[in-house]
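In case you want the letters, here they are:
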Amino acid sequence: MSSALASSGRNREASLIDGEFPLTRDDYQQIAGIAYADAGIDLGEGKASLVYSRLAKRLRALHMENFRSYCQLLSREEGVEERQQMVAALTTNVTRFFREPHHFEHMRANVLPQLASRARSGAPVRIWSAACSSGEEPYSIALSILAVMPDAASRNVRVLATDIDPNVLRKGDAGIYGESAMEPVPKEVRQRWFVPHGTDHSGKTWRVGDDLRKLVVFRKLNLIGPWPMRGPFQAIMCRNALIYFKEETQVEIWRRFVPLLAPAGRLYIGHSERLFGAASPFFTNEAITTYRLKEGPSA
Ligand SMILES: C[S@@+](CC[C@H](N)C(=O)[O-])C[C@H]1O[C@@H](n2cnc3c(N)ncnc32)[C@H](O)[C@@H]1O
């Protein structure tokens, strides 16, 4: 073996992290490759400590001694389930009720009054929260709908809430939130649309009430996989998920939203994201990180 090869071989075997579980460059690259292939998540080169801290609990749960054995499991047929657990562990699920409040203000002022008339005429109203995490975002959309249309639950109005991570979807589906999660929800809104549920380690908990719950449907959906829905959606919120993807994947997903949006449909994206590339000619930038589908060019 040439000395260059020997040294690159040694590099691959050298530990990137020497903690409880050694993590080599090869292990890291295999894990990053799976995150990209299965979920579009671009870990790049420098996220070894994030990977270590997110996955160490998986290794402990599986009684494994190092990342090498974990990677061997991931590459075997019986590792399919663990690949999903791994992707779920690597996703960032941070969210809040009424996060980036200007989007909900925009919706209430510019979108929902018309959608309320539409719903009252019997036509369907559909809004998609794509990458919804544990439900705070789709319930915030539903609460905004209830503010302009208190009888929305008895109309043909639905918020589709999708995410790749089954753990957060279970939380959204259960609809139980603690006092600190509920902080951004005004008291009168809480009292009208939630019910006290009991207590947990951090204090009081609340459950979404029946009318609020009826408006939101949770489904597992991988944004880089096939989308079974046909739309049209009057609005799509896809915030703070695509920042973890490569630019070309972001553009492709925005481009796939275009044929699913109703005429003049709105697209809301995250605070550190900006629409660019092949999707941008289809949209007018209406307000900060808020886009409106242009009339004219069809997708
Ligand atoms: C930071 S949270 C954003 C939640 C919410 N949209 C917000 O802004 O508060 C990102 C979410 O994207 C989800 N996610 C990551 N990759 C995904 C993919 N390929 N398909 C669907 N959801 C994905 C994660 O599971 C996570 O719940």
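Residues numbered from 1 in each chain as written. Predicted model: local features only at pLDDT ≥ 70, side-chain atom pairs only at ≥ 80, totals over all residues. Heavy atoms only, no water.

**Here we look at the overall build of the protein**
Then step 1. When helices and strands are counted, the protein shows 11 helices and 12 strands.
Then step 2. On the principal axes, the C-alpha backbone points of the protein span a range of 75 × 50 × 30 Å.
Then step 3. Looking at the protein residue by residue over its 299 residues, the buried ones come to 47%.
Then step 4. For the protein, the proportion of contacts with a sequence separation of at least 24, taken over those separated by at least 6, is 69%.
Then step 5. Carbon and sulfur atoms make up 51% of the accessible area of the protein, which totals about 14500 Å². (Helix = DSSP H or I, 4+ residues; strand = E, 2+ residues; numbered from the N terminus. Buried < 20%, exposed > 50% of the residue type's maximum accessible area, 1.4 Å probe, protein only. Contact = heavy atoms within 4.5 Å. Areas by Shrake-Rupley, 256 points an atom, 1.4 Å probe, with all protein chains shown as cover.)

**Comments concerning the side chain of Ser144**
Then step 1. Along the chain, the position of Ser144 falls in helix α7 (residues 136–148).
Then step 2. Judged by its relative accessible area of 2%, Ser144 is buried.
Then step 3. Contacts of Ser144, omitting those with residues within four sequence positions, involve Phe98, Phe104, Arg108 and Leu112.

**Here we look at the domain arrangement of the protein**
Then step 1. Segmentation of the protein into domains returns domain 1 (3–90) and domain 2 (101–293).
Then step 2. Taken over C-alpha atoms, the centre of domain 1 sits 33 Å from the centre of domain 2.
Then step 3. Listed per partner, the contact involves 11 residues of domain 1 and 10 residues of domain 2.
Then step 4. Considering only the surface of domain 1 that becomes buried against domain 2, Tyr36, Asp42 and Ala88 emerge as the three largest contributors, covering 41% of it.
Then step 5. In this structure, the connection of domain 1 to domain 2 is made through 1 salt bridge.
Then step 6. With a shortest N-O distance of 3.8 Å, Lys246 and Asp42 are connected by a salt bridge.
Then step 7. Inspection of the region where domain 1 meets domain 2 yields 2 residue pairs in polar contact (both at pLDDT 80 or more). (Domains from an automatic or database assignment. Buried area = accessible area lost by both parts, 1.4 Å probe. Salt bridge = Lys/Arg side-chain N within 4 Å of Asp/Glu carboxyl O. Polar contact = N/O pair within 3.5 Å; in protein donor to acceptor, adjacent residues only side chain to side chain.)

**Remarks on unusual backbone geometry**
Then step 1. The residue after Gly231, namely Pro232, is reached through a cis peptide bond having omega 0°.
Then step 2. Mapped onto the elements of the fold, Pro232 is located in the loop between β8 (216–220) and β9 (233–238).
Then step 3. The phi dihedral of His63 falls on the positive side, at around 55°, and the residue is not glycine.
Then step 4. Of note, the phi angle at Ser133 is positive, near 50°, even though the residue is not glycine.
Then step 5. Relative to the elements of secondary structure, Ser133 occurs in the loop between β3 (125–130) and α7.

**Some words on the sheet that holds strand β7 (residues 203–208)**
Then step 1. Overall, antiparallel pairing links the 3 strands, which are arranged β5-β7-β6 in an open sheet. The strands lining the two open edges of the sheet, one partner per strand, are β5 (176–178) and β6 (194–200). Taking the axes of each pair of neighbouring strands and ignoring which way they run, one obtains an average angle of 35° across the sheet. (Pairing = 2+ DSSP bridges. Axes fitted to C-alpha atoms, helices over the stretch in contact; angles between N-to-C directions.)

**A short note on the pattern of salt bridges**
Close approach of charged atoms allows side chains of opposite charge to pair.
Then step 1. All chains considered together, the criterion is met by 14 salt bridges.
Then step 2. The residue Asp38 makes a salt bridge to Arg83 at a minimum N-O spacing of 3.0 Å. A residue pair is termed long-range when its members are at least 10 positions apart, and Asp38 in helix α2 (residues 25–39) and Arg83 in helix α5 (residues 80–90) qualify at 45 residues.
Then step 3. Where Asp173 meets Arg213, a salt bridge forms, and the shortest distance between an N and an O atom there is 2.3 Å. Within this pair, whereas Asp173 is found in helix α8 (residues 166–174), its partner Arg213 is found in helix α10 (residues 210–215), the two being separated by 40 residues in sequence.

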